[in-house]
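Observations on the three-dimensional arrangement
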Amino acid sequence: MHCYSLILAALFAPFGLASSSSTQTSSSLPNVVPTIWLPASLDLTQIPSTRWTEVTACCRAASTKRDKNGDDDESCPAPDAIDDKTTNSVVLERFNIGRLPQFTKEQSLHVLQDSVEAWKHGAGVWPQMTLQQRIESIQIYLEELSKKREDIVNVLMWEIGKNRVDAEAEFDRTIIFAKSVIQAIQTNSEFTGEWKTHGGTTRAFVKRNAIGVYLTLAPYNYPLNESYACIIPLLLMGNVCILKIPTVGGLVHVLTMEALQKSLPPGTVNFIAGSGRSTMPPLMETGLVDGLAFIGGSKAADELIKLHPQPHRLKIFLQLEANNMAIYLDDMFTTTADAVLNNALNEAITGSLSYNGQRCTALKLHYVPSAHAETFVEALVKRVDAMTVGLPDQMHESNGKYSMITPLPNSGRIDYMKELIDDAVVKGAKVVNANGGKIIGGAKSTLMVPAVLFPVTPNMKVFNEEQFGPIIPITTYSSLEEVINFGQSGQPFGQQVSIFGQDPASTIELVDGFSAVFAKINLNQQCGRSPDTLPFAGRRSSAMGVMSVMDALREFSVPTAVAYKGVKGLNEALVDGLERSSNFMQTVT
């Protein structure tokens, strides 16, 4: 084991974590500084140094050895901290991996104007291209983007703390989704268009087409996949796009700009960086934004929508918060239901802690029968204790896999986790797993051991708020009526719910009680968006609109009909000319 591995072993051993030995992969640390921007008319050299911000990664082992310039020595980093139990550990520190400009109001409006000109009331280059031409352009873009796969995976690992497997999966799923959208277009007349007779005498060619200038706001947790699940469909339908890149997770989008520049007409996709509070309101206030694709919090979405001078004409697509419940039925705790219980526990771990619980579809609150709570908690804690905790590129010899728990993207997330845990403990809950909630690596570290909280009650913040992090709150119930009441009226969200067990009567009661509350009811599986052919939606404050390979195309387009009455000899020649020469009416090959 080389020196870095020895240090990591020393780091994790005192916490009783499944990481007694580990190795670091050969991934290089990124350094992403944009040299081009879209629109190209925005000159980055004119942005003063004071309007740039350093992007820092989370985290690496700090070195106590410095060269004569004060930088890290290439020699092996050494442990340089002692915890309160006088056990040696390693200090983890943040480090720079790139830079991003911070746009002013004027620069943001410049980007908007460039996009408006590219749209040109639907007469711009991109919206006037045939659907086949747009498909071919996107295919070129995907080819160019694939050349950046390793760079993008590396940035996902270090900027937002996603382990290598998850980072690779995010990139690959994005490409697969885009190709599936193209295939859906090519095989569905709703998008390619066709003539049909309506009402006996009216002939109509119906095909979906663009809406206009879309403002898209990307999240930090899946900055590539969530963004491009919107961007690719809306582009294929002929819209143009302004992407507000996230403050955390924004470097990924810098790596896409060259590929976009090579494959799409100028102005088709433009980018804004910087504070959302400073850059987004001026755009909405102009009334020039036709559509909003927003992934984030409902409060911020409401504020943006209200700023539009004509909100009734703003086409809105929202993916917002969720407080997804996992409900465990009594029958799974019988002596003959070991397989059912084991499946539920495995799904509970993955559903709660995959990518540190930073998913809108994560299981946020676990409802367990009062009579079986101790059994469930004990079994779940064993699985949590077996999880490997470490850095994104760290391979653990205990299981031959990358770290299951990795650093959170910034100290703000750690502060919120501490706030939720402290509030729950003060009000009667306990952290029931060893070292749950501990921060590994010192004051600047964002690497947190998952915390299992029990018993959680309705007066606690973590019961009602979306934690979006490595906390598993467990509560109890005496009757299904309690659970149904909470799902129906005890929270403002309505994305998904998971039901674990085999009892038909209880399952029927829950399904019927929740079928008009949640958009997806999962049976013996965690909540999730996949497969992408399945509608991903939400009710109440969780979503507006539906995401899937097919539904996304509908969200970002409107049916357009070209129609005439079948009077013989009046329109045949006209229609023939349209079919041969109209870009809009061209078929897909």
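Each remark here, short or long, concerns the structure printed above.
Here is what the cut-offs are and how they apply
Residues numbered from 1 in each chain as written. Predicted model: local features only at pLDDT ≥ 70, side-chain atom pairs only at ≥ 80, totals over all residues. Heavy atoms only, no water. Buried < 20%, exposed > 50% of the residue type's maximum accessible area, 1.4 Å probe, protein only. Helix = DSSP H or I, 4+ residues; strand = E, 2+ residues; numbered from the N terminus. Pairing = 2+ DSSP bridges. Right-handed = clockwise from strand over helix to strand, strands pointing away. Phe/Tyr/Trp six-rings, centres within 6.5 Å; stacked < 30°, edge-to-face > 60°. Lys NZ or Arg CZ within 6 Å of the ring centre and 35° of its normal. Contact = heavy atoms within 4.5 Å. Polar contact = N/O pair within 3.5 Å; in protein donor to acceptor, adjacent residues only side chain to side chain. Salt bridge = Lys/Arg side-chain N within 4 Å of Asp/Glu carboxyl O. 1 Å grid on protein atoms, 1.4 Å probe; cavity = no way out; pocket = protein on both sides within 12 Å on 5 of 7 lines; lining within 4 Å. Points joined across faces, edges and corners; volume = space filled by probe spheres on them. Nonpolar A, V, L, I, M, F, W, Y, C, P; charged D, E, K, R; others polar.

1. Regarding the pairing of strand β13 (residues 325-328)
- Taking every second residue as pointing to the same face, both faces of β13 are buried, with M325 and I327 on one and A326 and Y328 on the other.
- The pairing of β13 with strand β14 (residues 365-369) spans 3 bridges and is classified as parallel. Residue pairing for β14: M325 is matched across the bridge by L365.
- Read from β13 through helix α13 (residues 338-353) to β14, the crossover connection turns out right-handed.
- As defined by bridge partners, β13 adjoins strand β23 (residues 496-500) across 4 bridges and the pair is classed as parallel.

2. Some points on the packing of aromatic side chains
- With the rule as written, the count across this model stands at 18 aromatic pairs.
- On the numbers, 5.0 Å between centres and 70° between planes, the contact of F463 with F486 is edge-to-face. Taken together, the positions of F463 in helix α16 (residues 461-464) and F486 in helix α17 (residues 480-489) put the pair 23 residues apart, joining distant regions of the chain.
- Look at F463 and you get buried, because its relative accessible area is 3%.
- When its relative accessible area of 8% is taken as the criterion, F486 is described as buried.
- Here the aromatic residues W195, F205, Y564 and F584 are joined through ring pairs into a cluster of three or more.
- Taking NZ or CZ as reference, R529 lies 5.7 Å from the ring centre of F177, over its face.

3. Regarding the environment of W126
- You can see W126 is positioned in helix α3 (residues 125-128).
- W126 gets classed as buried once you look at its relative accessible area, which sits at 1%.
- Between the C-alpha atoms of W126 and K427, which are 301 residues apart in sequence, the distance is 57 Å.
- The residues contacting W126, other than those within four sequence positions of it, are R134, S137, I138, L235, G238, N239, L264, P265 and T268.
- In this structure the side chain of W126 is engaged in a polar contact, spanning 3.3 Å, whose partner is the backbone oxygen of N239.

4. What to know about the pattern of salt bridges
- All chains considered together, the criterion is met by 22 salt bridges.
- Of the charged contacts in the structure, one is a salt bridge between R208 and E190, with a shortest N-O distance of 3.3 Å. Here R208 is found in strand β7 (residues 202-209), whereas its partner E190 is found in helix α7 (residues 189-192), with 18 residues between them in sequence.
- A salt bridge links K364 to E466, with the nearest nitrogen and oxygen atoms 2.6 Å apart. Separated by 102 residues along the polypeptide, K364 in the loop between α13 and β14 and E466 in the loop between α16 and β21 (471-477) bring together distant segments of the chain. With respect to burial, K364 and E466 carry one shared label: buried.
- What emerges from the salt-bridge pattern is a single network uniting E144, K147, K148, E258 and K262.

5. Quick notes on the layout of surface pockets
- One number sums up the size of the largest pocket: a volume of about 1,200 Å³.
- The wall of the largest pocket is formed by 33 residues, among which F294, I295, G296, G297 and A300 lie closest to the centre.
- Within the residue set of the lining of the largest pocket, elements represented by two or more residues are α11 (276-286), β11 (291-295), α12 (298-307) and α15 (411-426).
- Counted by class, the lining of the largest pocket contains 18 nonpolar, 8 polar and 7 charged residues.
- What the second largest pocket holds in volume is close to 730 Å³.
- Taken together, 29 residues make up the lining of the second largest pocket; nearest its centre are D166, Y222, S354, Y355 and R359.
- For the lining of the second largest pocket, the elements supplying multiple residues, two or more each, are α6 (164-186), α8 (225-236), α13 and β16 (401-402).
- The leading source of residues in the lining of the second largest pocket is α6, at 5 residues.
- In the lining of the second largest pocket, the residues fall into 11 nonpolar, 10 polar and 8 charged.

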